[in-house]
Number of protein chains: 2
Amino acid sequence: MSEIITQSIQDYLKHIYELNEHGSSASTNDIATRLNIAPASVTGMLQRLANSTPPLVIYKKHQGVTLTKNGEKAALEVIRHHRLLETFLVNTLGYSWDEVHCEADKLEHVISEDFEARMAKALGNPTRDPHGELIPTADLTMPADKSCLLASLRTNETATVRRVSDDDPALLRHLRKIGVVPEVKITIKNYSEFDGNLTVKVEGQKSNVVLGTAVTSQVFVDK
Amino acid sequence: MSEIITQSIQDYLKHIYELNEHGSSASTNDIATRLNIAPASVTGMLQRLANSTPPLVIYKKHQGVTLTKNGEKAALEVIRHHRLLETFLVNTLGYSWDEVHCEADKLEHVISEDFEARMAKALGNPTRDPHGELIPTADLTMPADKSCLLASLRTNETATVRRVSDDDPALLRHLRKIGVVPEVKITIKNYSEFDGNLTVKVEGQKSNVVLGTAVTSQVFVDK
DNA sequence: TCTAAAATTTAGTCTTACCTAAATTTTATT
DNA sequence: AATAAAATTTAGGTAAGACTAAATTTTAGA
Ligand SMILES: [Mn+2]
Ligand SMILES: [Mn+2]
Ligand SMILES: [Mn+2]
Ligand SMILES: [Mn+2]
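Note that the structure is a prediction, hence the values are computed from the model and not measured.

K.L.:
Quick one: what's the story with helix H4 (residues 69-93) of chain A, residue by residue and with numbers?
P.N.:
Residues and elements named next belong to chain A. The first and last C-alpha atoms of H4 sit 35 Å apart over 25 residues, in line with the 36 Å expected at 1.5 Å per residue. Taking burial as the measure, the 25 residues of H4 include 18 buried ones, the bulk of the element. The first or second residue beyond H4 is Gly 94, which carries a positive phi of 70°.

K.L.:
Describe the coordination of the manganese ion (ligand 3), and please don't skip the residues or the numbers.
P.N.:
Residue and element names in this part refer to chain B. Surrounding the manganese ion (ligand 3) are the protein donor atoms His 82 (NE2), Glu 86 (OE), His 101 (ND1) and Asp 166 (OD), which sit 2.0 to 2.2 Å from the metal. Of note, the donors binding the manganese ion (ligand 3) are all from one chain and are spaced H-x3-E-x14-H-x64-D. Between the manganese ion (ligand 3) and the manganese ion (ligand 4) the interatomic distance comes to 3.5 Å, and Glu 86 is a ligand of both metals. Here Asp 166 lies in the loop between strand E4 (158-164) and helix H7 (169-177) and His 101 lies in helix H5 (residues 100-107), a separation of 65 residues in the sequence. Since its relative accessible area comes to 18%, His 101 is described here as buried.

K.L.:
Could you give me a rundown of the protein's contact with DNA strand C, with the residues and numbers involved?
P.N.:
Not every one of the 20 residues close to DNA strand C is listed here, only the nearest: Thr 6, Ser 41 and Arg 48 of chain A together with Gln 47 and Tyr 59 of chain B. Counting only the atoms of DNA strand C within 4 Å of the protein, the fraction contributed by sugar and phosphate is 84%. Between DNA strand C and Ala 38 of chain A there is a distance of 2.9 Å, counted from a phosphate oxygen to a backbone nitrogen or oxygen. Along the lines of polarity and charge, the residues of the surface near DNA strand C split into eight nonpolar, ten polar and two charged.

K.L.:
Provide a residue-level description of the protein's contact with DNA strand D, including the pertinent values.
P.N.:
Taken together, the neighbourhood of DNA strand D is formed by 20 residues, with Gln 47 and Tyr 59 of chain A together with Thr 6, Ser 41 and Arg 48 of chain B sitting nearest. The sugar-phosphate share of atoms of DNA strand D within 4 Å of the protein amounts to 84%. The contact in question runs from a phosphate oxygen of DNA strand D to an N or O atom on the side chain of Thr 28 of chain A, over 2.9 Å. Residue Ser 8 of chain B places a side-chain N or O atom 3.0 Å away from a phosphate oxygen belonging to DNA strand D. Mapped by element, the contributors of at least two residues to the surface near DNA strand D are helix H2 (28-35) and helix H3 (39-51) of chain A together with helix H1 (7-21) and helix H3 (39-51) of chain B. Its residues assigned to classes, the surface near DNA strand D shows eight nonpolar, ten polar and two charged.

K.L.:
Can you explain the interface of chain B and chain A? Please cite residues and give values.
P.N.:
Tallying the contact residues gives 19 residues for chain B and 19 residues for chain A. On the chain B side of the interface with chain A, the three residues burying the most area are Leu 93, Val 110 and Arg 118 of chain B, jointly 37% of the side's total. Counting the contacts that link chain B with chain A gives two salt bridges. Of the charged contacts in the structure, one is a salt bridge between Arg 118 of chain B and Glu 99 of chain A, with a shortest N-O distance of 3.1 Å. At the boundary of chain B and chain A, one finds twelve residue pairs in polar contact (both at pLDDT 80 or more). Looking at the side of chain B that touches chain A, the elements that each hand over two or more residues are helix H4 (69-93), H5 and helix H6 (113-122) of chain B. Ranked by residues supplied to the side of chain B that touches chain A, first place goes to H6 of chain B with five residues. Its residues placed into classes, the side of chain B that touches chain A shows ten nonpolar, four polar and five charged.

K.L.:
Talk me through the sheet that holds strand E3 (residues 148-149) of chain A; I want residue IDs and the actual numbers.
P.N.:
Residues and elements named next belong to chain A. Across the sheet, six strands lie side by side as E3-E8-E4-E5-E6-E7; this open sheet has antiparallel pairing. Bordering the open sheet on either side are E3 and strand E7 (209-211), each of which pairs with just one other strand. Note that E3 and strand E8 (residues 219-222) share two bridges and pair antiparallel. Each residue of the ladder has a partner; that of Leu 149, found in E8, is Phe 220.

K.L.:
Could you give an account of the coordination of the manganese ion (ligand 2), naming the residues involved and the relevant values?
P.N.:
Residues and elements named next belong to chain A. All of the protein donors around the manganese ion (ligand 2) are Glu 86 (OE), Asp 129 (OD), His 131 (ND1), Glu 133 (OE) and Asp 166 (OD); their distances to the metal are 2.0 to 2.4 Å. Look at where the donors of the manganese ion (ligand 2) fall in the sequence and you get E-x42-D-x1-H-x1-E-x32-D. The distance between the manganese ion (ligand 2) and the manganese ion (ligand 1) comes to 3.5 Å, with Glu 86 serving as a donor to both metals. Here Asp 166 lies in the loop between strand E4 (158-164) and helix H7 (169-177) and Asp 129 lies in the loop between helix H6 (113-122) and E3, a separation of 37 residues in the sequence.

Conventions used here
Residues numbered from 1 in each chain as written. Chains lettered and ligands numbered in written order. Predicted model: local features only at pLDDT ≥ 70, side-chain atom pairs only at ≥ 80, totals over all residues. Heavy atoms only, no water. Helix = DSSP H or I, 4+ residues; strand = E, 2+ residues; numbered from the N terminus. Expected span 1.5 Å × (residues − 1). Buried < 20%, exposed > 50% of the residue type's maximum accessible area, 1.4 Å probe, protein only. Donors = N, O, S within 2.8 Å, 3.2 Å for Na, K, Ca; no water. Near = heavy atom within 4 Å. Polar contact = N/O pair within 3.5 Å; in protein donor to acceptor, adjacent residues only side chain to side chain. Nonpolar A, V, L, I, M, F, W, Y, C, P; charged D, E, K, R; others polar. Contact = heavy atoms within 4.5 Å. Buried area = accessible area lost by both parts, 1.4 Å probe. Salt bridge = Lys/Arg side-chain N within 4 Å of Asp/Glu carboxyl O. Pairing = 2+ DSSP bridges.

Okay, here's the thing in structure tokens:
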């Protein structure tokens, strides 16, 4: 009965999952932007995903999609692969954290469940990837995440860096350089009303840094 | 100018390379059998490969194909990936030698050159994979191989096992069990004219084994 | 050398997954 | 509430890579 989940479909589901995490329903345009595909093509695929057996998304014309339970499981499977792979590439092959995302994006669709299990075991069943992102469990549950945006902090607040977006290698190299990496403690020294800049004291760094929203909107912290 | 070498094309080139190693020209039917594809589909692809820029095969109607220099380089790239991956899976993730072929067949098309280089380095630039098959060098040259078929040996000859075919997991498990693995010395105790059976003394094993041609035609040795 | 079988190619289809251009629907602004 | 802009869908295509059935060519056996 159930149809083949191609690499292309896996990519759609993964990005829909991530879009659903924020504003519930994922829009055609947002999906198109993320996948670097024409919006018209996305519409076509959403219709197929909604009509497949079992349906992978719930689709209402002009109102975007959400994942069904089946779609979510398939998405979490891919995300688990991705994040385990990133961890594996860093720990086992000496990649740096800005190099792994692209490689994992290709491998995630191809490895077997056996490969997944062997990686997880070799790595000691990690719960987070090199960017601090949560790794779905083997039974495909996403652990709860209560972190908030660094951009939402204000003067005198203290927090611990939990995770950072991993898709921009240049940003990752910059964050590494200024010491903004998972589990590091930070203190907000100043918030600038006008541009949203934050002056931040980073644990273990001599001088404060001033971070714009381009940066602070990509970093998540626990207060 | 030069067109994209898809996963499908990589598979064609790889199998054509292996067929060319034996009887020079690879036939439509043999390729079809190996790829598990209808012969008519193969004809279509061979025409495309011959007309691509640059051409990847030399194709004469009804006479099969050989690889061009470009086609051969592309094939050796895939074969290098495959054999390094097999070695990596065994050494790093604890796969056994009968489990790696299938996984490597999928990964070989997807890893980056960086991944290839990191594996090679981590493994100490191996020259053979877990089945004893030669790994093409980083500059895509296939080392010379002067091994011959175990099936070609006769009574009282002595040889060293060099490599075994890796695509049949059951055969690999059997060979492991009887100790017929690369670098092991063997002696032919008897050759049976009628069925081609060889009675073989395997170094380190208590009793002799009798091997049919189904086995001896899959094992390569150096005299 | 003739002929039957085997191998190969041609012709015509299909599905996936993309595209552009045009039509439609939603939304945001006056 | 009207309308312009933005988002989305529809309609009509394309290319890759497979398929089947039928035609053709090669090969091998009598
Ligand atoms: Mn990533
Ligand atoms: Mn990550
Ligand atoms: Mn193999
Ligand atoms: Mn091998």
